[in-house]
Amino acid sequence: MSEFNSLEDLVFSRSFRNWVLNRESSEHAFWENWIKRNPERAEIVKNAKAVIYALHLNTAELSADEIDDEVGKALIRLKEAPRYIPLEGLDGRRGRWRGVLRSPRSWVLVVLTAAIGTGGFFYYRAQAHVRQIFLNRHRPVQVLTADTGREFPLPDGSVARLEKGSKLYFPDQWGSDRTRREVFLEGIASFDIRGNPAAPFYVYTDQIIIKVLGTRFVVSTFPADGRTVVVDLSGKVALYREQDLEAPPGPRNEPEGVVLTPNQWVLYDRREDRIYKKLVAAPEPLGGLDTIIRYERTPVREVFGRLQEEYGIPIQFDERVLDSCLLTVVVEAEPYYKKLDQICKAIGGAYEVIDGNIEVTAVGCK
Amino acid sequence: MSVVNLLGEDLLLWNEYRSGNAGAFGALIRVHYPDLFHYGTRFTRDSDLVKDCLQDLFLELWINRETISETSFVKYYLLKALRRKLTRRIGRSRYTGSWEELHFESIFNGTPSVEAGLIREEGLAELARKMRQALAGLSKRQQEAIYLRYYFDAEIDEIAEIMSVNRQSVYNHLHDALKKLKKSSGKPSRFFLFLPLL
C-alpha cells in the first residue's frame, strides 16, 4: 500500500475513509497497525478523521424502488424516441435480434461480466463458488471462445451465439448425464435451446443460475455493480441463487427459486442478496401480433384472462367483487399499459404493478 | 452511494448501448442513477427537476447513441452531461437570457451528520465542526471539486472535464480548499507543509 504522508492522502483514501466511517470494515487491522507504526502522524490522522466526518452528508437518497421507477420511465420513453425503430422485445438492435425473437426455438440472452471493485469480495467468493460447483460436476470441460460474435452449435442441438470476448464452458461428457444440460457462461451469449423436458437446460453464471423450463423464451441478464438483470419475454424461466439449489427442496420437491413469466424481469442484487421482480417497460404480446378485440357484455374475468394469456403477465383481482362486471369495450392494438388503462377505466378501477404482477382494484359493478 | 469503479462492466454496457441494446442501456442507467441524482441535487433542491433532466438526458443519449463516442469513463461522461443539462435548465438568467454559472449549493451547512456516538476521540467532534465550517466557507467551485474528488474518486483531469474548466484551476481549487482546512485545524504542524497534492 502506498505511503500516506499528507492530509489529502488520507482523506481521499477510500480504505481510510471506510475504516473511519465503519469500525467493522475489513481495513480495520491495517489502519490500527499503521497508526501504531506511525505515531508521528497522529495529528494528521486526527485531522483527516475530522475532515471525513465534516464531509459526511446526510442527504436523502432515493430508494431502490424509486430508482427502478425512473429507469422504467426512461425505458418507456425510448420507445417514443424519434429514431427508435420498434422491435420485438427489449433489445433494440436493428434487425439483429429480430430473427432470434421470431425463432420457433427458444433463446436465452445472457450478458455477464466480472465485476471489479470494492464490495466485490463476497461477490468474488460466490463467483468462485458457482464456478466450482460447475467444474466439480463436470470434468473435463470444453471451452468455446469468441473473438467476434458468432454462433456455436452445442452437442444437444441447441445453439449458442457468443458475443465478442465471451466464453462458454460445457462438459465433455454431456451425453452421460441425461437429466440436465449445464453450461457455464462468462460474457454475453444468446442461447437457442432445443426443448427437452426430460433434461432441463441450466446456464450457470457468476451470479445466478438460470433454468429453462419452457420452450419459448428470451432472457437477458445485465449485471453491473454485482447485479444481474434477467428479462423474460416469452415463456417460463426459473432463476436460482446458489443457496437455493443447495437448500432442501420445497414442498413440491423443487428448489425455491424465482419463476419469471413472459414480460417480467428481475434485478438480482448480489450484495444485498435481493431479487426485485418487475415488468418490462413495454410488454409485447407473446404471439408477436397485436390484435384488436371487441368485447360485448363479456365478464371482466374473461377480458383479463384473455389479456393475461396474450401477454403472459399474471393479473390479479378480486373475483367476488368483479364477478358481476360485464364489459362492452373495444381493446385496440396499442401498448399493454394503455389496454390495461382502458379496461380499468371501463370498470372504474385502477391497477398497480406489484412484484411483476398486475393487481387490479375496483369497487365492482353493481 | 455507489462509487465502485466498474470500468470493465461499464465499458461493456456502454458499447452495447451504443450499438442499440436497450437492455444494456437500462442496466447502465440503473447503475449510475443514484450518483447522478446525488450530484444533480447538489445544484438544486428541486429533485423533480433533477429527475426530469435525467429523463431528458437518457432520451438524448438514446437518440444519439450512434454518434456518442467511446469513453473509458462512463460515469464522468454522464456527470458532465448532466451538469451541462442542468446549466441549461436552471442556469439561464431570467434577466439577460444568457447562461450563468451553475451554483453548487453548499452541502456543508449545519453540523456534520455523523452520529455523535461514532466520534469517540476527545476533541474530534469539535474539530469536525470546525472543519465543517471551513468547508462551508469554501467557494462553490472548491466545494464542488472536493465533492467530486471525495465522493466519486474523480482525478483532477476528470474533475476538469466534468466542470468544464482547465486542469490548473481544479488543482488550485483543491489546493486552496485543503489549505483552508488545514488552517482551520488550529494547531500548525510540520505535516501541514504542502506536500504534493493528490
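Keep in mind that this is a model prediction, so the values were computed, not measured.

Undergrad: Give me the overall build of chain A: which residues, what numbers.
TA: Of regular secondary structure, chain A possesses 11 helices and 18 strands. Residue pairs in contact within chain A that sit at least 24 positions apart in sequence constitute 55% of those at least 6 positions apart.

Undergrad: Describe in detail the overall build of chain B, supporting the description with residues and values.
TA: Within chain B one finds eight helices and zero strands. Starting at the N terminus and ending at the C terminus, chain B contains elements arranged as α-α-α-α-α-α-α-α. Out of the 198 residues in chain B, the part that is buried amounts to 42%. Residue pairs at least 24 apart in sequence account for 63% of intrachain contacts in chain B once pairs closer than 6 positions are excluded.

Undergrad: Outline unusual backbone geometry, supporting the account with residue identities and numerical values.
TA: Residue and element names in this part refer to chain A. In this structure, Arg297 is a non-glycine residue whose phi angle is positive, near 45°. Position of Arg297 relative to the elements: it lies in strand β14 (residues 293-299). For Asp355, which is not a glycine, the phi torsion comes out positive at approximately 55°. For Asp355, the position within the fold is in the loop between β17 (350-354) and β18 (357-361).

Undergrad: Residues and numbers for the packing of helix α5 (residues 124-136) of chain B against helix α8 (residues 167-184) of chain B, please.
TA: For any two helices packed against each other, one specifies the crossing angle of their axes together with the interaxial distance. All names here are of chain B. One way to put it is that α5 packs onto α8 with a least axis distance of 9 Å and a crossing angle of 145°. The interaxial crossing formed by α5 with α8 has right-handed handedness. Contact residues: Lys130, Met131, Gln133 and Ala134 in α5; Lys180, Leu181 and Ser184 in α8. Taken together, the residues of the contact of α5 with α8 break down into three nonpolar, two polar and two charged.

Undergrad: Lay out the nonpolar core in plain terms, naming residues and giving numbers.
TA: Membership of the largest hydrophobic core comes to 124 residues, with the highest contact counts inside it found for A:Ala48, A:Val51, B:Leu28, B:Leu82 and B:Met131. Tallying contributions element by element places helix α2 (residues 22-40) of chain B first for this core, with 11 residues. With residues near it in sequence (within four places) discarded, A:Val51 still touches A:Leu7, A:Val11, B:Met131 and B:Leu181.

Undergrad: Residue-level account of the packing of helix α5 (residues 64-78) of chain A against α2(B), with values.
TA: Contact pair α5(A) / α2(B): the axes reach a minimum separation of 10 Å and the direction vectors enclose 145°. Crossing geometry of α5(A) relative to α2(B) is assigned as right-handed. Residues A:Ile67, A:Glu70, A:Val71, A:Ala74, A:Leu75 and A:Leu78 of α5(A) touch α2(B), and the partners they reach there are B:Ala22, B:Gly26, B:Ile29, B:Arg30, B:Tyr33 and B:Pro34. Across the contact of α5(A) with α2(B), the residue classes break down as nine nonpolar, one polar and two charged.

Undergrad: Got a sec to walk through the sheet that holds β18(A)? Specific residues and values, please.
TA: Whenever strands of a sheet pair, they do so through backbone hydrogen bonds, lying parallel or antiparallel. As summarised here, the arrangement of the three strands in space is β15-β18-β17 (chain A), forming an open sheet in which the pairing is mixed. Strands with a single pairing partner mark the edges of an open sheet, and in this sheet they are β15 (315-316) and β17 of chain A.

Undergrad: Please give an account of the confidence of the model for chain B that cites residues and values.
TA: All names here are of chain B. When pLDDT is averaged across chain B, the result is 77; 74% of the residues are at 70 or more. Note on residues 1-7: pLDDT under 50 across the span, and 24 contacts to partners over four residues away in sequence or across chains. Overall, residues 189-198 carries pLDDT values under 50, and its contacts beyond four positions in sequence, including any with other chains, amount to 16 contacts. Note on the complex model: pTM 0.48, ipTM 0.80.

The rules behind the values
Residues numbered from 1 in each chain as written. Chains lettered and ligands numbered in written order. Predicted model: local features only at pLDDT ≥ 70, side-chain atom pairs only at ≥ 80, totals over all residues. Helix = DSSP H or I, 4+ residues; strand = E, 2+ residues; numbered from the N terminus. Contact = placed C-beta atoms within 7 Å. Buried ≥ 20, exposed ≤ 12 C-beta atoms within 10 Å, placed from the backbone. Axes fitted to C-alpha atoms, helices over the stretch in contact; angles between N-to-C directions. Left-handed = near helix turned anticlockwise from the far one by under 90°. Nonpolar A, V, L, I, M, F, W, Y, C, P; charged D, E, K, R; others polar. Core = buried A, V, L, I, M, F, W, Y, C linked by C-beta atoms within 7 Å. Pairing = 2+ DSSP bridges. pLDDT = per-residue confidence, 0-100.

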